[in-house]
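# Observations on the model geometry
The residues making up each chain are set out below.
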Amino acid sequence: GAGVSQSPRYKVAKRGQDVALRCDPISGHVSLFWYQQALGQGPEFLTYFQNEAQLDKSGLPSDRFFAERPEGSVSTLKIQRTQQEDSAVYLCASSLKKTTYEQYFGPGTRLTVT
Amino acid sequence: AQSVAQPEDQVNVAEGNPLTVKCTYSVSGNPYLFWYVQYPNRGLQFLLKYITGDNLVKGSYGFEAEFNKSQTSFHLKKPSALVSDSALYFCAVSLYPFLTGGGNKLTFGTGTQLKVEL
């Protein structure tokens, strides 16, 4: 079956540009997570959705980062006025139920800010 | 706050030999522990988890891990390594998952590159 997909796979943005990263979770998965993975580091939690509700956004590094999941399926992570320190791989993961431990990860979007 | 340490950036092992990838954790309560594997250009894949019960947990592809509370460790093991096991391995911990409706927010280590050679 189809896994978690993310688009674009690669994005180059000039400093100050806005970007939007898309995540298509596995169909029917209730929980959706965004993580940020800097080069040579492990993923770091950004935000969590249960259906369309954003229940945890404690990991968003600044108010330039915004995420939404309006219909409880596809999610978009938006970064406004990108900075060089935003360069990273952004990973999306989904889980079947709100109490499922296992997360299924997408391949990520590699964002490079020049 | 919780944290995870993977002390080895890289582990080299010959095919057929046993492998161990080390992980230690620091949490203020009962930990929920996980191992994920990452292949190039692919998403992280779940290998196994420890929630409660038997300290030895078995997972996908012949991997297992042992939870040691006194040493705060959760090392990943496999009795006989394969070249195809070569990948980047991440240990992760969560604390009080699903509390107050929240999700299973994971804190990851920095990863260990496993290289299995013929």
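Above: the structure in question.
Values in this document were obtained by computation on a predicted structure and should not be read as measured data.

Right, let's get into the sheet that holds strand 3 (residues 19-24) of chain A. Residue and element names in this part refer to chain A. Spatially, the four strands line up as an open sheet ordered 1-3-8-7, and their pairing is antiparallel. Single-partner strands in this sheet number two, and they are strand 1 (5-7) and strand 7 (65-68). The average angle at which neighbouring strand axes cross in this sheet is 15 degrees, direction not considered.

Our next topic: the nonpolar core. Nonpolar side chains tend to gather and get buried jointly when the protein is soluble and globular. In terms of nonpolar packing, the biggest core is built from 27 residues, with Trp35(B), Leu47(B), Leu48(B), Phe74(B), Leu76(B) and Tyr89(B) touching the most fellow members. Sorting the residues of this core by element identifies strand 2 (10-14), strand 3 (19-21), strand 5 (31-38), strand 6 (44-50), strand 8 (64-68), strand 9 (73-78), strand 10 (87-95) and strand 12 (112-117) of chain B as the ones contributing at least two each. The element best represented in this core is strand 10 of chain B, accounting for four residues. Residues Val4(A), Ala13(A), Leu46(A) and Ala88(A) belong to the second largest nonpolar core, which totals 20 residues.

Before going further, it helps to examine the interface of chain B and chain A. Between chain B and chain A, the residue contacts involve 23 residues of the former and 25 residues of the latter. The contact between chain B and chain A buries some 1,800 Å² in all, and 58% of this surface belongs to carbon and sulfur atoms. Of all residues in chain B, the largest losses of buried area upon contact with chain A belong to Leu44(B), Phe98(B) and Lys105(B), amounting jointly to 28% of the total for that side. Counting across the chain B and chain A interface gives two salt bridges.

Take the packing of aromatic side chains next. The geometry of an aromatic ring pair comes down to the distance between the two centres and the angle between the two planes. For the structure shown, the criterion picks out 16 aromatic pairs over all chains. Taking 6.5 Å as the distance between ring centres and 40 degrees as the angle between the ring planes, the aromatic pair formed by Phe65(A) and Tyr90(A) counts as tilted. Pair noted here: Phe65(A) is in strand 7 and Tyr90(A) is in strand 9 (residues 88-95), with a separation of 25 residues, a long-range link. Neither Phe65(A) nor Tyr90(A) differs from the other in exposure class; each is buried. Here Phe105(A) and Tyr36(B) contribute two aromatic rings whose centre-to-centre distance is 5.4 Å and whose plane-to-plane angle is 80 degrees, an arrangement assigned as edge-to-face. In this pair, Phe105(A) is assigned in strand 10 (residues 104-105) and Tyr36(B) in strand 5, connecting two distinct chains. Here the two residues Phe105(A) and Tyr36(B) agree in accessibility, since each one is buried. Chaining the aromatic ring pairs together yields one cluster made of Phe33(A), Tyr35(A), Phe45(A), Tyr48(A), Phe105(A), Tyr36(B), Phe46(B), Phe90(B) and Phe108(B).

Calculation criteria
Residues numbered from 1 in each chain as written. Chains lettered and ligands numbered in written order. Predicted model: local features only at pLDDT ≥ 70, side-chain atom pairs only at ≥ 80, totals over all residues. Heavy atoms only, no water. Pairing = 2+ DSSP bridges. Helix = DSSP H or I, 4+ residues; strand = E, 2+ residues; numbered from the N terminus. Axes fitted to C-alpha atoms, helices over the stretch in contact; angles between N-to-C directions. Core = buried A, V, L, I, M, F, W, Y, C linked by side-chain atoms within 4.5 Å. Buried < 20%, exposed > 50% of the residue type's maximum accessible area, 1.4 Å probe, protein only. Contact = heavy atoms within 4.5 Å. Buried area = accessible area lost by both parts, 1.4 Å probe. Salt bridge = Lys/Arg side-chain N within 4 Å of Asp/Glu carboxyl O. Phe/Tyr/Trp six-rings, centres within 6.5 Å; stacked < 30°, edge-to-face > 60°.

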